[in-house]
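Chain and residue survey
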Amino acid sequence: MIPFSPPRIDDRTIKAVEEALRSGWITTGPRTKEFEKRLAAYCGVPKVIALNSWTNACELVLRWFGIGPGDEVILPAYTYCATANIVMHVGAKPVLVDVRDDFTIDPEAVRKAMSPRTKCIMPVDIGGLPADIDAIVAIAEEAHATFRAANSEQRTLGRPLVLSDAAHSFGAFIAGKPVGAQADITGFSFHAVKNLTTAEGGALAFNLPESFDAEALYKLFNTMSLHGQSKDALAKTQPGAWRYDVAQPGWKCNMTDLQAAIGLVELDRYDNDTIPRRKAISARYNAAFKNDPRFVAPLLKDADRESSYHLYMLRITNAREEQRDAIITAIAKQEVSVNVHFIPLPMLSFYSGQGYRIGDYPNTFLNYSREISLPVYYDLTDAQVDEVIAAVKAAVGEVMS
Ligand SMILES: *Cc1c(COP(=O)(O)O)cnc(C)c1O
């Protein structure tokens, strides 16, 4: 059986975790701090904080910006549930919009969805291909005049926050620059299936205007992620430094040094090993599918964007949803694991129960109903890629003829 996306775990990863364990420091500590510095340098931003997931990291952002009941957050209908769930957690309303043919949020649809209640826009870099972030930032800036600030953070920014869901796109490029330095705040995921993993984990890259102090924000998010405690465990190890305060009841979502130990190894070999292999696998799929009219190969690169090659989101030309499902069953019979990214939010029972209708998002439905994500992972060999291609072509031949 060819799996879909097992993590890359080798002796180097195991040794790094063992060293962290033997160091005696297993919670947030020197390895997490080092990982954050290296991530910030990679993204070209002043500060990055590493936390325990994309979800908790980005939920902290919504809470920091004071988003809650009565507020609206614009996001694509085509995304993983986490993007919308965090908006529900803070009591605000997810305003869903449609996507373009390349799966990313449609800036025109965002423009139409803007209202005086809009406090945040969350584009999603689906599959690793960056959304049109320049257009989204421009739309947020146009909203200066109508923005109703409710607290000092909102007054300082003076417009809706752009929080990028870059769960898939660490290492992708926009106009020659790594993802992280375009949105106000960019959220990464280091979940086990993502390009760069810490088993579970996430990070925020801060790129707010200079009216915000990046160092102070970093400290504040550390406090928010640790019960609101004014000192973390590392600071308390200084002799006599036992006393602390809690000025706000915070949350608990810090990264451990065991996770950061994995992340440091992953980061070390990301550009020279992980990405090149993923890119080569995608190129091999492209060679098989791009010129075959039965398929629509995913966009991975254009004039100003390059994917992180996280997913290979193949589409089957003119397939209906049931045909796509039958193709997946036929592929599975050939011992190949594939996936669908994602079931659109309006098709999940919770969100349909909230009144969202898939009929309002025609591109989302079309993209979803024809989509099959193929295996992409470091240890996948060229021979296995060829097996996947053969399995997909046979299945499509069987179902679509
Ligand atoms: C994985 C994923 C998330 C959530 O990441 P976690 O680190 O698991 O919280 C959010 N958005 C998208 C698009 C994802 O694929």
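**What about the pattern of salt bridges?**
Summed over the entire model, instances satisfying the criterion amount to 28 salt bridges. A salt bridge links D10 to R8; the nearest nitrogen and oxygen atoms lie 3.9 Å apart. Given the relative accessible area of 25%, D10 is considered partly exposed. With a closest N to O distance of 2.8 Å, D302 and R305 form a salt bridge. Here R305 falls in the buried class, since its relative accessible area comes to 8%.

**Side note on the sheet that holds strand 2 (residues 72-76)**
The strand order 1-9-8-5-4-2-3 describes an open sheet built from seven strands, whose pairing is mixed. Across the chains shown, the open sheet's two edge strands, defined by having one partner strand only, are strand 1 (47-51) and strand 3 (93-97). Between one strand axis and the next, the sheet turns by 25° as a mean value, whatever way the strands run. For strand 8 (residues 185-189) and strand 9 (residues 202-206), the ladder comprises five bridges, and the chain directions are antiparallel. The residue of strand 9 that forms the bridge with S189 is G202.

**Some thoughts on the site of the ligand**
By nearness alone, 16 residues border the ligand, and T55, D165, H168, S189 and K194 come closest of all. Here D165 contributes a side-chain N or O atom positioned 2.8 Å from a nitrogen atom of the ligand. With respect to the ligand, the side chain of H168 contributes an N or O atom lying 2.6 Å from an oxygen atom. Compared with its free state, where it exposes 380 Å², the ligand has 92% of that area covered by protein. Every element with two or more residues in the shell around the ligand is listed here: helix 3 (54-64) and helix 4 (81-89). Residues of the shell around the ligand, tallied by class, amount to six nonpolar, eight polar and two charged.

**Observations regarding the domain arrangement of the protein chain**
Considered domain by domain, the protein chain is made up of domain 1 (11-267) and domain 2 (273-400). Each of domain 1 and domain 2 was reduced to a C-alpha centroid, and the two centroids are 27 Å apart. Between domain 1 and domain 2, the contact holds 38 residues from the first and 33 residues from the second. Of all residues in domain 1, Y78, F103 and N195 bury the most surface against domain 2, accounting for 23% of the area lost on that side. At the boundary of domain 1 with domain 2, the tally comes to two salt bridges. Across the contact surface, domain 1 and domain 2 share 20 residue pairs in polar contact (both at pLDDT 80 or more). Among the secondary structure elements, those contributing two or more residues to the side of domain 1 that touches domain 2 are strand 2, helix 4, strand 3 and strand 6 (173-174). Of the residues in the side of domain 1 that touches domain 2, the class split is 23 nonpolar, nine polar and six charged.

**Here's the deal with helix 11 (residues 270-289)**
The end-to-end C-alpha separation of helix 11 is 27 Å, in line with the 28 Å expected for 20 residues at 1.5 Å each. Along helix 11, the residues that are buried comprise Y270, T274, I275, R277, R278, I281, S282, Y285, N286, A288 and F289. Looking at the buried positions of helix 11, the neighbouring elements they touch are helix 2 (30-43), helix 10 (257-268), strand 10 (295-296), strand 12 (312-316), strand 13 (371-374) and helix 15 (382-400).

**Digging into the packing of helix 3 against helix 8 (residues 214-224)**
Between helix 3 and helix 8, whose axes approach to 11 Å, the crossing angle comes to 110°. As the angle between them shows, helix 3 and helix 8 are arranged roughly perpendicular. Both helix 3 and helix 8 take part in a crossing whose hand is right-handed. Of the residues in helix 8, those in contact with L60, V61, R63 and W64 of helix 3 are L217, L220, F221 and M224. When its residues are assigned to classes, the contact of helix 3 with helix 8 shows seven nonpolar, no polar and one charged.

**Looking at the packing of aromatic side chains**
Enumeration over the complete set of coordinates arrives at 19 aromatic pairs. The interplanar angle of 50° and the centroid separation of 5.3 Å between the aromatic rings of F170 and Y270 together place this pair among those described as tilted. In this pair, F170 is assigned in the loop between strand 5 (161-165) and strand 6 and Y270 in helix 11, connecting sequence segments 100 residues apart. Residue Y270 is classed as buried on the basis of its relative accessible area, which comes to 1%. One aromatic cluster is present, formed by F35, Y42, F170, F188, F190 and Y270 through successive ring pairs. Across from the ring centre of Y378, 3.6 Å away, lies the NZ or CZ of R8, which sits over that ring.

Conventions and cut-offs
Residues numbered from 1 in each chain as written. Predicted model: local features only at pLDDT ≥ 70, side-chain atom pairs only at ≥ 80, totals over all residues. Heavy atoms only, no water. Salt bridge = Lys/Arg side-chain N within 4 Å of Asp/Glu carboxyl O. Buried < 20%, exposed > 50% of the residue type's maximum accessible area, 1.4 Å probe, protein only. Pairing = 2+ DSSP bridges. Helix = DSSP H or I, 4+ residues; strand = E, 2+ residues; numbered from the N terminus. Axes fitted to C-alpha atoms, helices over the stretch in contact; angles between N-to-C directions. Near = heavy atom within 4 Å. Polar contact = N/O pair within 3.5 Å; in protein donor to acceptor, adjacent residues only side chain to side chain. Areas by Shrake-Rupley, 256 points an atom, 1.4 Å probe, with all protein chains shown as cover. Nonpolar A, V, L, I, M, F, W, Y, C, P; charged D, E, K, R; others polar. Domains from an automatic or database assignment. Contact = heavy atoms within 4.5 Å. Buried area = accessible area lost by both parts, 1.4 Å probe. Expected span 1.5 Å × (residues − 1). Parallel < 35°, antiparallel > 145°, perpendicular 65-115°, else oblique. Left-handed = near helix turned anticlockwise from the far one by under 90°. Phe/Tyr/Trp six-rings, centres within 6.5 Å; stacked < 30°, edge-to-face > 60°. Lys NZ or Arg CZ within 6 Å of the ring centre and 35° of its normal.

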